[in-house]
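# Structural characterization, general
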Amino acid sequence: MLPDAVYNRVGTGFGSGLNEISAGRIEGIWLPLLTEALSRPIYGAGLSSILWSDAMREGGGITIPGVVVAHNAYLDTVLDMGVGGLILVCAYFVHVWKGFRALSVDPALSPTLQGFYLGAAAGLASFLVAAIVSSRLTPGTEQVYLWLAIGMMYGQRARNAGDLSVSRRYVQTGSRAQSA
């Protein structure tokens, strides 16, 4: 029932090797950058370090296409922050995923909010899978809804913990101009 263009795109590269399936990313981008990542494996070379990597320089030997991300968020993170940074970033996303899951079954929340947090958990898992071939793990404009959901999670957790006592006092009295 799908158009032929969909089948052509899905089948592109099959039978021709992984490099063809990855649209040339393995040999053209990832392998040259892997040697760059191994030169500073623990701490990395700084944010957006792909821009000044040896692989991007014409005089540095192997040159990769002019890209601003590694087209693998995990490799990009290792380039920028090293293995230590990748571990910390991934640990943070595990923390966020657990927070989404906990709020998705919180009986104090409405079914709508429970569904929102369950969807946010699924969206985060999808983002982490898609990060194998795209984007960055650090905040970017294409992830705005994920980061809004993370902000909502922290706000909901603060509300549940009662950390908003000052704000509640203003709401109860109906005045924000009242001094503390």
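Residues numbered from 1 in each chain as written. Predicted model: local features only at pLDDT ≥ 70, side-chain atom pairs only at ≥ 80, totals over all residues. Heavy atoms only, no water.

Scanning the chain for helices and strands turns up seven helices and zero strands. Helices and strands in the chain line up, N terminus first, as α-α-α-α-α-α-α. The long-range share in the chain, meaning contacts at least 24 apart out of those at least 6 apart in sequence, stands at 57%. (Helix = DSSP H or I, 4+ residues; strand = E, 2+ residues; numbered from the N terminus. Contact = heavy atoms within 4.5 Å.)

Right, let's talk about the packing of aromatic side chains for a bit. Taken as a whole and assessed by the stated rule, the structure comprises six aromatic pairs. Seen from their ring centres, Tyr92 and Phe93 are 5.9 Å apart, and the 55° between their planes marks the pair as tilted. Judged by centre distance (6.1 Å) and plane angle (55°), the ring pair of Phe93 and Trp147 falls under tilted. One end of the pair, Phe93, is in helix α4 (residues 73-104); the other, Trp147, is in helix α6 (residues 144-161), with 54 residues separating them in the sequence. For Trp147, a relative accessible area of 25% translates into the label partly exposed. By way of ring pairs, the aromatic residues Tyr92, Phe93, Phe127 and Trp147 are connected into one cluster. (Phe/Tyr/Trp six-rings, centres within 6.5 Å; stacked < 30°, edge-to-face > 60°. Buried < 20%, exposed > 50% of the residue type's maximum accessible area, 1.4 Å probe, protein only.)

Here we take up a nonpolar patch on the surface. On the surface, Val129, Ile132 and Val133 cluster together into a nonpolar patch covering about 250 Å² of accessible area. By the secondary structure assignment, Val129 is in helix α5 (residues 111-130). Given the relative accessible area of 55%, Val129 is considered exposed. (Patch = residues over 30% accessible without salt bridge, like charges linked within 9 Å, V, L, I, M, F, W, Y side chains within 5 Å. Areas by Shrake-Rupley, 256 points an atom, 1.4 Å probe, with all protein chains shown as cover. Salt bridge = Lys/Arg side-chain N within 4 Å of Asp/Glu carboxyl O.)

Core analysis: the largest hydrophobic core is formed by 24 residues, its most contacted members being Phe100, Leu124 and Leu137. Of all elements in the fold, only α3 (25-39), α4, α5 and α6 reach the threshold of two or more residues within this core. The element that contributes the greatest number of residues to this core is α4, accounting for ten residues. Dropping the residues within four chain positions of it, Leu124 is found in contact with Phe93, Val96, Trp97, Phe100 and Leu146. (Core = buried A, V, L, I, M, F, W, Y, C linked by side-chain atoms within 4.5 Å.)

As a further point, take the side chain of Ser104. Assignment of secondary structure puts Ser104 in helix α4. Only 2.7 Å separates the side chain of Ser104 from the backbone oxygen of Arg101, close enough to count as a polar contact. Excluding anything up to four places from it in sequence, Ser104 contacts Gln114, Tyr117 and Leu118. (Polar contact = N/O pair within 3.5 Å; in protein donor to acceptor, adjacent residues only side chain to side chain.)

Turning our attention to the confidence of the model for the chain. Mean pLDDT over the chain: 78, with 65% of residues reaching 70 or higher. The element-level mean pLDDT for the chain is lowest in helix α7 (residues 165-173), coming to 51, with α5 highest at 96. (pLDDT = per-residue confidence, 0-100.)

Look at α5 against α6: their axes get within 10 Å of each other, and the N-to-C directions meet at 135°. In terms of their interaxial angle, α5 and α6 are classed as oblique. By crossing handedness, the relation of α5 to α6 is classed as left-handed. Every residue of α6 that contacts α5 at Leu113, Phe116, Tyr117, Ala120, Leu124 and Phe127 is listed here: Leu146, Ala149, Met152, Met153 and Gln156. The residue makeup of the contact of α5 with α6, split by class, is ten nonpolar, one polar and no charged. (Axes fitted to C-alpha atoms, helices over the stretch in contact; angles between N-to-C directions. Parallel < 35°, antiparallel > 145°, perpendicular 65-115°, else oblique. Left-handed = near helix turned anticlockwise from the far one by under 90°. Nonpolar A, V, L, I, M, F, W, Y, C, P; charged D, E, K, R; others polar.)

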